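# A closer look at the structure
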Amino acid sequence: MNTAPSTAPKPAVPSQVDTPPPPPAKPSRKRARLVGVDAARGVSLLGMISLHALYEADAAGNPTWSELAFSGKAAAAFALLAGVGVTFATGRRPVRRADARATVAMLAVRALAIGAVGMYLSGIDTVLDSVILPYLAVVFLLAIPLVFLRTWAVAVIGVVLALAGPAANHLLLPHLPEPSLANPTFARLAEDPVGMLTELSLTGFYPSPVWLAYMCAGIVIGRLDLTRAKVATVLFAGGTVLAVAATTASWLLLHRFGGLAHIWAAQPRSGLTAAQTTELLTFGGNGYTPSSTWWWLAIDAPHTSTPFDILSTSGIAVAVLGLMLLVGRVTVPVLRHLTMALLVPLAAAGSMTLTFYTVHVMFINSDFDTYSATDGWLVQIVVVVLIALAVRFTVGRGPLEAVIVALATRARRAAAEGGKRMAADAPAAEPAVATPEPPAPAGPDALPVPATAKQVVPARPRRERRPARRPGRLHHTRRWVRRGQQPPWIVSDALWQRIEPLLAEVERSGRHPAHDRIPDRLVLCGVLFVLYTRIPWELLPHQLGFGSGMTCRRRLGEWHAAGVWPRLHQILLAELPGAHGADRPKRSLGSLPARTAVP
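Helix and strand counts for the chain stand at 22 helices and two strands. The burial tally for the chain puts 43% of its 599 residues in the buried class. For the chain, long-range pairs separated by at least 24 residues make up 72% of all intrachain contacts whose partners lie at least 6 apart in sequence. Accessible surface for the chain amounts to roughly 32,600 Å². Of this, 62% is attributable to carbon and sulfur atoms.

Here it is as structure tokens:
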């Protein structure tokens, strides 16, 4: 920990003892990817490939397994995990006002780049007519203000969009232009920009209010600590309960409370034939439902944008994410190998979903797709997995992902530098203080002072900031340590000479290299600080320079396992300073028996 230089002589005993300084801070490393999140992305990618490659109905007209498993659910997971990605890109917390300019530039460039890729794919697509990327780009742009809000506010907005958004769309749809449901292309954007943007945001396959609700859910989830098993368990259980509850409620409304009968009674006013109504109820819609009756909002069919559709697909997406995170935490050796054999290919494919989705759409629209439905599906799945594994263990990132990240990073840096230049070029206002009018000068030759004139003097300069505090001290420890005294958790030179031979007998763990190991003397200071203040281990302040609380707790466990702690315990009880408050650490140490387990 760096401290400001001081001109005062430093004492020989340390409030800053002659201890080795804390190890220098390690250079920041790139945050490791969460395998569970990438695996969930891989599930959604493979689900979308399965939907596009396989048939949606069998010979009897019933939905196939791929339709039942992935229709509506894969796209919802795609959008929800996009929200998680937005949160990761913005630091997993609400963005500060000082970073607003750079963050907006980064997210806007990313959205525009995804939209450009999507419109290019739409121009060559003749199979899907529902490329998701242009719609997702609009949702990205609309989600930019959300990254500045607190988590609870984002959650409230998501709930309102999921419950009230479909009702608002139900009211507005009859007054909006009839959508063409054609792919959004650059040509359409040039010919009819308003109509295409209206379709992309309200009347198309993926209405923005609905998909913004998925994005809100992803932002909220992304701000959680996804490395904790408890969070993963809550996501899996909560998502499962939400999906089952939404599906059950929809079934009850339709079959027990007469909702289905009302829908069929209003069928002549819906503009759909009987066959089209049956298809809509069985296979889902094109992003919306007819406005002939409010009972349409009770169905949960895929791509109908009803509250039950949103809640059900959101629950499934959250449950899949929680399941992948839990699977990644399995530690039993045999099961660990099996789970890694499943997770690694999924995570490899999920780390480059944009590239694979683009290649998939180009492939099914090319002359190379001469396979049958099942053969073409198997070929695509195998190729995706093999290429994903090769890229993950070599380059590490897909080509489209690398390009978009580079563009977004440059936009962020340019916006940040532009903001600094604007701040530097802005004229600084000279602070002034108006003083009372001076007394009128005496003497016959003195000139009179105008009554309206005020003397302006420069304001007093602001006080300089205090130097950083010394290692081993925090402002809130003043109530335990008198001024001029050595904090009781600091190990003096004399005490260390008695303790060091004991700790030298402890065999060091080989899990970490020696240069990364925090000295035992500093760790012992951290242990004493925890025992003296009675704070939880994980709340040990890093500013003290004693390492993390978990490091201190783990080292205490090593001393206990080596049998050193009983002797060290007696020495500490005998040698702790008897100054003000010394009875408190003695009680703390006394409450930790020499043969007890590590707390």
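Still more ground to cover, so stick around.
On to the pattern of salt bridges, then. In total, this model carries six salt bridges according to the counting rule given. Between Asp 38 and Arg 41 there is a salt bridge, with its nearest N and O atoms 2.9 Å apart. Residue Asp 38 and its partner Arg 41 are located together in helix α1 (residues 35-53), separated by three residues, close to a single helical turn. The pair formed by Asp 38 and Arg 41 is uniform in burial state, with each residue classed as buried. For Glu 199, the salt bridge identified is with Arg 188, shortest N-O distance 3.3 Å. Of this pair, Glu 199 sits in helix α8 (residues 193-203) while Arg 188 sits in helix α7 (residues 186-191); the two residues are eleven residues apart in sequence, bridging distant segments of the chain.

Here helix α15 (residues 353-364) spans 16 Å end to end across twelve residues, near enough to the 16 Å set by a 1.5 Å rise per residue. Burial runs high along α15: ten of the twelve residues are buried. What α15 keeps buried is the set Thr 353, Leu 354, Thr 355, Phe 356, Tyr 357, Thr 358, His 360, Val 361, Phe 363 and Ile 364.

Turning to helix α5 (residues 133-143), a few remarks are in order. Burial runs high along α5: nine of the eleven residues are buried. The inward-facing, buried residues of α5 abut α3 (73-89), α4 (100-124), α8, α9 (208-222) and α15.

Time to look at the packing of α4 against helix α17 (residues 399-425). At their nearest, the axes of α4 and α17 sit 8 Å apart, and the two run at 150° to each other. Relative to α17, α4 is oriented roughly antiparallel. In this structure, α4 meets α17 at a crossing whose hand is right-handed. Contacts between α4 and α17 involve Arg 101, Ala 102, Ala 105, Met 106, Val 109, Arg 110, Ala 113, Ile 114 and Val 117 from the former and Leu 400, Ile 404, Val 405, Leu 407, Ala 408, Ala 411, Arg 412, Ala 415, Ala 416, Gly 418, Gly 419 and Met 422 from the latter. Looking at the contact of α4 with α17 residue by residue, the class counts come to 16 nonpolar, two polar and three charged.

Glancing now at the nonpolar core. By size, the foremost hydrophobic cluster in this structure holds 91 residues, and its most contacted members are Leu 133, Met 215 and Tyr 357. Counting residues per element, this core draws most heavily on α3, which supplies eleven residues. Leu 133 has contacts with Phe 78, Ile 114, Val 117, Gly 118, Leu 121, Leu 354, Tyr 357 and Thr 358, leaving out every residue within four places of it along the chain. Among the nonpolar cores identified, the runner-up in size contains 31 residues, and Leu 502, Phe 529, Cys 552 and Trp 565 belong to it.

Glancing now at the packing of aromatic side chains. The final tally for this structure, using the stated rule, is nine aromatic pairs. Here a set of aromatic residues connected by ring pairs shows up, and it is made of Tyr 135, Phe 205, Tyr 206, Trp 211 and Tyr 214.

On to the side chain of Arg 92, then. Its place among the elements puts Arg 92 in the loop between α3 and α4. Of the side chains bearing the opposite charge, Asp 225 lies closest to the buried Arg 92, which forms no salt bridge; the N-O distance is 4.9 Å. Separated by 3.3 Å, the side chain of Arg 92 and the backbone oxygen of Gly 222 make a polar contact. There is a polar contact of 2.8 Å between the side chain of Arg 92 and the backbone oxygen of Leu 224.

Next up on the list: a nonpolar patch on the surface. Judged by side-chain polarity, Tyr 120, Ile 124, Phe 186 and Met 362 come together as a nonpolar surface patch covering roughly 370 Å² of accessible area. By secondary structure assignment, the location of Phe 186 is in helix α7. The partly exposed category is assigned to Phe 186, whose relative accessible area is 44%.

Turning to the confidence of the model for the chain, a few remarks are in order. Summarising the model, the chain shows a mean pLDDT of 80, and 78% of its residues fall at 70 or more. Mean pLDDT per element in the chain: helix α22 (residues 583-590) is the minimum at 44, and helix α10 (residues 229-255) is the maximum at 96. Per-residue pLDDT stays below 50 along residues 440-457; that stretch engages in 13 contacts with residues further than four places along the chain or on separate chains. This model gives residues 578-588 a pLDDT under 50, and the stretch forms 20 contacts once residues within four places in sequence are excluded.

One pass over the full model with this rule turns up zero disulfides. Among the cysteines around Cys 552, which has no disulfide bond, Cys 525 carries the closest sulfur, lying 9.2 Å off. The class for Cys 552 is buried, based on a relative accessible area of 0%.

Its identity as a non-glycine residue notwithstanding, Arg 92 has a phi of 60°, on the positive side. When its relative accessible area of 16% is taken as the criterion, Arg 92 is described as buried. Non-glycine residue Ser 305 carries a positive phi angle of around 60°. By secondary structure assignment, the location of Ser 305 is in the loop between α12 (274-283) and α13 (307-327).

With respect to the helices, strands and loops of the structure, Ser 44 is situated in helix α1. Here Ser 44 falls in the buried class, since its relative accessible area comes to 3%. When neighbours within four sequence positions are excluded, Ser 44 is seen to be in contact with Ala 74, Ala 77, Phe 78 and Leu 81.

A few words on the environment of Thr 151. In this structure, Thr 151 sits in helix α6 (residues 151-172). When the C-alpha atoms of Thr 151 and Val 220 are compared, they prove to be 5.9 Å apart, with 69 residues separating the residues in sequence. Filtering out sequence-adjacent residues up to four positions away, Thr 151 remains in contact with Val 220 and Arg 223. Side-chain polar atoms of Thr 151 contact the side chain of Arg 223, separated by 3.3 Å.

Attention now moves to the packing of α1 against α3. Across the interface, α1 lies against α3 with an axial gap of 9 Å and an inter-helix angle of 150°. On the basis of their axis angle, the class for α1 and α3 is roughly antiparallel. For the crossing formed where α1 meets α3, the hand is left-handed. Side by side, α1 and α3 meet where Val 37, Ala 40, Arg 41, Ser 44, Gly 47 and Met 48 of the first sit next to Ala 74, Ala 77, Phe 78, Leu 81, Val 84, Gly 85 and Phe 88 of the second. For the contact of α1 with α3, the residue count by class is nine nonpolar, three polar and one charged.

Conventions used here
- Residues numbered from 1 in each chain as written.
- Predicted model: local features only at pLDDT ≥ 70, side-chain atom pairs only at ≥ 80, totals over all residues.
- Heavy atoms only, no water.
- Helix = DSSP H or I, 4+ residues; strand = E, 2+ residues; numbered from the N terminus.
- Buried < 20%, exposed > 50% of the residue type's maximum accessible area, 1.4 Å probe, protein only.
- Contact = heavy atoms within 4.5 Å.
- Areas by Shrake-Rupley, 256 points an atom, 1.4 Å probe, with all protein chains shown as cover.
- Salt bridge = Lys/Arg side-chain N within 4 Å of Asp/Glu carboxyl O.
- Expected span 1.5 Å × (residues − 1).
- Axes fitted to C-alpha atoms, helices over the stretch in contact; angles between N-to-C directions.
- Parallel < 35°, antiparallel > 145°, perpendicular 65-115°, else oblique.
- Left-handed = near helix turned anticlockwise from the far one by under 90°.
- Nonpolar A, V, L, I, M, F, W, Y, C, P; charged D, E, K, R; others polar.
- Core = buried A, V, L, I, M, F, W, Y, C linked by side-chain atoms within 4.5 Å.
- Phe/Tyr/Trp six-rings, centres within 6.5 Å; stacked < 30°, edge-to-face > 60°.
- Lys, Arg positive; Asp, Glu negative; His and termini not counted.
- Polar contact = N/O pair within 3.5 Å; in protein donor to acceptor, adjacent residues only side chain to side chain.
- Patch = residues over 30% accessible without salt bridge, like charges linked within 9 Å, V, L, I, M, F, W, Y side chains within 5 Å.
- pLDDT = per-residue confidence, 0-100.
- Disulfide = S-S within 2.5 Å.

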